[in-house]
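# Coordinate inspection notes
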Amino acid sequence: MLVINGKYYKYAILSRNEAEEFKAWIPYILISITDPNEPKVTLRYDNNRLDTLYLFFHDVSSPHPYYEFRNLIPFGIQQAKKIIDFVNKYKNKAKLIACNCEAGISRSAGVISAISLILEGKEPDSITKSLLPNTYVKSLILRAYYEIENYDYER
């Protein structure tokens, strides 16, 4: 588990096992990422958890015909937009944004990296120093954010 103190929010990057035991001391939201062939995470009751967004996709670096052949489901722009909408819905109530994936190394780190860039204006050094954020997940979330905000990110 990696907990990061941002200027405006706290962030937690969790593995599946850590998410199942996680209990926060402040109001938070959880983005839970699971492999499509696995059951969703079983969470403990926590009255500080405002809501949970469940997503199912494999840890792949981009859509590719090879993945389709192997029945791997990559992250997509619609899932990225769900993350943006979910965070926007709770950003005035949540003090902590948590994300889990199977290992707590790649997909969840990519999500938190993108969210911290959007909300804080920077990516915490501790993510890139200790984890391997999925850059495809991160870039799609940033793209979705710019599309939702009607921001011309190519200028």
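All residue numbers refer to position in the chain's written sequence, counted from 1. pLDDT decides what is reported in this predicted model: residues at 70 or higher carry local features, side-chain atom pairs at 80 or more are listed and counted, and totals for whole chains, interfaces and linings draw on all residues regardless. As a convention, hydrogens and water are excluded, and side-chain values are obtained from all of the structure's heavy atoms.

## Here we look at helix H6 (residues 135-148)
The criterion, for reference: For the purposes of this entry, the term helix denotes a DSSP run of H or I that reaches at least four residues, the term strand denotes a run of E that reaches at least two, and both are numbered from the N terminus. Helix span, as expected, comes to 1.5 Å for every residue beyond the first. Exposure classes here rest on a 1.4 Å probe applied to the protein chains alone. A residue is buried below 20% of its type maximum, exposed above 50%, and partly exposed in between. As used in this structure description, the phrase polar contact means that two N or O atoms lie within 3.5 Å; if the pair is within protein, one of them must be able to donate a hydrogen and the other to accept it, and residues adjacent in sequence are counted only when both atoms belong to side chains.
Between its first and last C-alpha atoms H6 spans 20 Å; for 14 residues at 1.5 Å apiece the expected length is 20 Å, and the two agree. Here H6 has its buried residues at Tyr-136, Val-137, Lys-138, Leu-140, Ile-141, Leu-142 and Ala-144. In this structure Asn-134 caps H6, since a side-chain oxygen of it lies 3.0 Å from the backbone nitrogen of Tyr-136.

## As for the environment of Gln-78
Structurally, Gln-78 can be placed in helix H3 (residues 77-90). For the pair Gln-78 and Ile-141, spaced 63 residues apart in sequence, the C-alpha separation works out to 9.5 Å.

## A word on the environment of Leu-117
We apply this condition: Should any heavy atoms of two residues lie within 4.5 Å, those residues are considered in contact.
Tracing the backbone through its elements, the reader meets Leu-117 in helix H4 (residues 107-120). Since its relative accessible area comes to 28%, Leu-117 is described here as partly exposed. Discounting chain neighbours no more than four positions away, the residues touching Leu-117 are Lys-122, Glu-123, Lys-138 and Leu-142.

## Points about the packing of H4 against H6
Formally: Interaxial angle, 0 to 180 degrees, is taken between N-to-C directions of lines fitted to C-alpha atoms, where a helix line uses only the stretch in contact. The hand of a helix crossing depends on one turn: near helix anticlockwise from the far one by less than a right angle means left-handed, and clockwise means right-handed. In the scheme used here, Gly and all other residues not listed as nonpolar or charged are polar, with Ala, Val, Leu, Ile, Met, Phe, Trp, Tyr, Cys and Pro taken as nonpolar and Asp, Glu, Lys and Arg as charged.
H6 packs onto H4 with a crossing angle of 35° between their chain directions and a minimal axis gap of 8 Å. The handedness of the crossing between H4 and H6 comes out as right-handed. Facing H4, whose interface residues are Arg-107, Gly-110, Val-111, Ser-113, Ala-114, Leu-117 and Ile-118, H6 presents Val-137, Lys-138, Ile-141, Leu-142 and Tyr-145. For the contact of H4 with H6, a count of residues per class yields eight nonpolar, two polar and two charged.

## Things to note about the packing of aromatic side chains
For clarity, the cut-off: Any two rings among Phe, Tyr and Trp, with Trp reduced to its six-membered ring, count as a pair given centres within 6.5 Å; such a pair is stacked if its planes are under 30 degrees apart, edge-to-face if over 60, and tilted if neither. Counted as over-ring charges are cases with an Arg CZ or a Lys NZ within 6 Å of the ring centre that also lie within 35 degrees of the ring normal.
In this structure the tally under the stated criterion is five aromatic pairs. With 5.4 Å between their ring centres and 65° between their planes, Phe-86 and Tyr-90 make a pair best called edge-to-face. Remark: Tyr-90 and Phe-86 occur in helix H3; sequence separation between them is four residues, near one turn of the helix. Just as Phe-86 is buried, Tyr-90 falls in that class too. The cationic tip of Lys-40 hangs over the ring face of Tyr-54; the distance from NZ or CZ to the ring centre is 4.3 Å. The aromatic ring of Phe-57 is capped on one face by Arg-107, whose charged end is 5.9 Å from the ring centroid.

## Overview of the pattern of salt bridges
The condition is simple: We count a salt bridge whenever a side-chain nitrogen from Lys or Arg sits within 4 Å of a carboxyl oxygen from Asp or Glu.
All chains considered together, the criterion is met by seven salt bridges. Arg-16 is the partner of Glu-20 in a salt bridge, and the nearest nitrogen-oxygen pair spans 3.9 Å. On the criterion of helical spacing, the pair formed by Glu-20 and Arg-16 is a turn pair, its members being four residues apart in helix H1 (residues 16-21). Under the relative-accessibility criterion, Arg-16 is labelled buried at 13%. Between Glu-102 and Arg-16 there is a salt bridge, with the nearest N and O atoms lying 3.3 Å from each other. Within this pair, whereas Glu-102 is found in the loop between strand S5 (96-100) and H4, its partner Arg-16 is found in helix H1, the two being separated by 86 residues in sequence. Here the salt bridges do not stand alone but share partners, grouping Arg-16, Glu-20 and Glu-102 into one network.

## Some remarks on the packing of H3 against H4
Going by this rule: By definition in this entry, angles of less than 35 degrees are roughly parallel, angles greater than 145 are roughly antiparallel, angles of 65 to 115 are roughly perpendicular, and the rest are oblique.
Across the interface, H3 lies against H4 with an axial gap of 12 Å and an inter-helix angle of 50°. One element, H3, and the other, H4, form an angle in the oblique class. Note on packing geometry: the crossing formed by H3 with H4 is right-handed. Counting all contacts with H3, which are made through Ile-83, Ile-84 and Val-87, the residues of H4 involved are Val-111, Ile-115, Ile-118 and Leu-119. A per-class count over the contact of H3 with H4 returns seven nonpolar, no polar and no charged.

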